[in-house]
Amino acid sequence: MMSTLLDVQNLWVRFPTRNGVFDAVRGVSFTLGRERLGIVGESGSGKSMTGRAILRLIRPPGIVEADQISLEGQDLMKLSEKDMRAVRGQRISMVMQDPKFSLNPVMTIGDQIIEAYRLHNSASKADAYNKSLEMLEAVSIRDAERVMRAYPHEMSGGMGQRIMIAMMLIPNPEILIADEPTSALDVSVQRQVLDIMDKLVKERGMGLIFISHDLNLVADFCDRVLIMYSGRIVEVCDADKLHEAKHPYTRGLLNSLPRLDAPRDRLEVLERDPEWSEAPSVSGSE
Ligand SMILES: Nc1ncnc2c1ncn2[C@@H]1O[C@H](COP(=O)(O)OP(=O)(O)OP(=O)(O)O)[C@@H](O)[C@H]1O
Ligand SMILES: [Mg+2]
């Protein structure tokens, strides 16, 4: 049996709006072991909100509710904000969809990595500097010394993303939540970043939640996949079986992928059935 790192039961994320409460995540339940778990679904289906809610990073007035979000038996929903901060820094790391917002704009990249490293390891400044260089090189940043001296706004999106991944891995987390971690990267760098994450899962037994739009990438890279539609999980399957998925929404997502081997004049339009998500939570808005 694979050990369970994270057990999420009946997770809801709600946003009060002028037209009533909008439910972005609606009763999601799943477990994560020492594996690569993909979350796919179209834009707005609730993937990022699910990831953020696990870390209780939903900004007010958003509300997170769950029967439990347990990390190796400890319910995160019951922790104080102070204890939650310790979980965020050490045990679960998240690479946000837009990494530039996660870096401090007035501090050099180097100072930020060194600070993060020294927070988790007792190391001299010189040792921390060398370690930071190594970590940047590990995520395929070639001119690491120059990058150490640069500020976040001087970085491209792809570089920012890799810097975030390097920083998130410093504390050696038990779980990494990576939200579209490779979407701003070109294919060869993407492969390197995936290899880094893969190694952490295989060698250190980390659990990875990999959020992505890219069904082919997820089918190829992950072990299992959750398919989200309108705030719910509509299907769970082994990643290598994704192309045989049964749910009509998943089939629609797969059929709307452009294929090089079978080009078509037009991409298929996704058909939807209100039954997939039950009644919409905000009425009168369509
Ligand atoms: N502060 C907010 N107030 C109201 N609704 C919000 C707020 N933040 C997010 N939402 C809504 O929650 C839903 C889920 O958003 P989420 O960011 O999880 O989608 P996603 O699946 O990550 O999409 P994408 O693939 O575009 O990143 C969306 O419909 C979004 O508009
Ligand atoms: Mg998102």
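Note that the structure is predicted; figures quoted are calculated from it, not measured. (Residues numbered from 1 in each chain as written. Chains lettered and ligands numbered in written order. Predicted model: local features only at pLDDT ≥ 70, side-chain atom pairs only at ≥ 80, totals over all residues. Heavy atoms only, no water.)

## Some words on the overall build of the protein
Then comes step 1: Assigned secondary structure in the protein consists of nine helices and 11 strands.
Then comes step 2: Since a compact globule built from 286 residues should have a radius of gyration of about 19 Å, the 20 Å found for the protein is in line with a globular shape.
Then comes step 3: Each principal axis of the C-alpha atoms in the protein carries an extent, and together these give about 60 × 50 × 45 Å.
Then comes step 4: Expressed as a percentage of the 286 residues in the protein, the buried residues total 52%.
Then comes step 5: Partitioning the contacts of the protein with sequence separation of at least 6, the portion at a separation of at least 24 is 63%.
Then comes step 6: As displayed, the protein offers around 14,600 Å² of accessible surface, 50% of which is attributable to carbon and sulfur atoms.
Then comes step 7: For the protein, the distance from the average position of its 35 positive side-chain charges to the average position of its 41 negative side-chain charges is 3 Å. (Helix = DSSP H or I, 4+ residues; strand = E, 2+ residues; numbered from the N terminus. Rg over C-alpha atoms; globule rule 2.2 N^0.38 Å. Buried < 20%, exposed > 50% of the residue type's maximum accessible area, 1.4 Å probe, protein only. Contact = heavy atoms within 4.5 Å. Areas by Shrake-Rupley, 256 points an atom, 1.4 Å probe, with all protein chains shown as cover. Lys, Arg positive; Asp, Glu negative; His and termini not counted. Charge placed at Lys NZ, Arg CZ, Asp CG, Glu CD.)

## Here's the deal with the nonpolar core
Then comes step 1: The biggest cluster of nonpolar side chains holds 61 residues, and the ones touching the most others in it are Ile163, Met197, Leu208, Phe210 and Ile227.
Then comes step 2: The biggest single contributor to this core is helix 6 (residues 157–169), with eight residues. (Core = buried A, V, L, I, M, F, W, Y, C linked by side-chain atoms within 4.5 Å.)

## A word on the sheet that holds strand 3 (residues 36–40)
Then comes step 1: The sheet built from six strands is open, its strands ordered 7-8-9-3-10-11 with mixed pairing. The open sheet has two edge strands, strand 7 (92–95) and strand 11 (232–238), and neither has a second partner. Strand after strand, the sheet turns through a mean of 15° between neighbouring axes, direction not considered.
Then comes step 2: Two strands pair when backbone bridges link them, and strand 3 and strand 10 (residues 224–229) are joined in this way by four bridges, in the parallel orientation. Of the residues in strand 10, the one forming a bridge with leucine 37 is arginine 224.
Then comes step 3: Relative to strand 7, helix 6 is tilted by about 175°, and along the sheet it contacts strand 7 and strand 8 (175–179).
Then comes step 4: Along the sheet face, helix 7 (residues 187–204) touches strand 3, strand 8 and strand 9 (207–211) and points at about 150° away from the line of strand 9. (Pairing = 2+ DSSP bridges. Axes fitted to C-alpha atoms, helices over the stretch in contact; angles between N-to-C directions.)

## Overview of the packing of helix 6 against helix 7
Then comes step 1: The geometry of helix 6 relative to helix 7 is characterised by a closest axis approach of 12 Å and an angle of 10° between their N-to-C directions. Judged by the angle between their axes, helix 6 and helix 7 are roughly parallel. For the pair helix 6 and helix 7, the contacting residues are Arg162, Ile165 and Leu169 in the first and Val189, Val193, Ile196 and Leu200 in the second. (Parallel < 35°, antiparallel > 145°, perpendicular 65-115°, else oblique.)

## Brief notes about the layout of surface pockets
Then comes step 1: Here the largest pocket defines a volume of roughly 650 Å³.
Then comes step 2: Taken together, 25 residues line the largest pocket, and the ones lying closest to its centre are Arg88, Gly89, Ala116, Met167 and Met168.
Then comes step 3: Contributing elements (two or more residues each) for the lining of the largest pocket: helix 2 (81–91), strand 7, helix 3 (109–120) and helix 6.
Then comes step 4: Partitioning the lining of the largest pocket into residue classes produces 15 nonpolar, seven polar and three charged. (1 Å grid on protein atoms, 1.4 Å probe; cavity = no way out; pocket = protein on both sides within 12 Å on 5 of 7 lines; lining within 4 Å. Points joined across faces, edges and corners; volume = space filled by probe spheres on them. Nonpolar A, V, L, I, M, F, W, Y, C, P; charged D, E, K, R; others polar.)

## A closer look at helix 1 (residues 47–54)
Then comes step 1: Of all eight residues that make up helix 1, seven are buried, and the element is covered over most of its length.
Then comes step 2: When helix 1 is considered as a whole, its buried residues turn out to be Lys47, Ser48, Thr50, Gly51, Arg52, Ala53 and Ile54.
Then comes step 3: Positive backbone phi, approximately 55°, marks arginine 56, located one or two places after helix 1.

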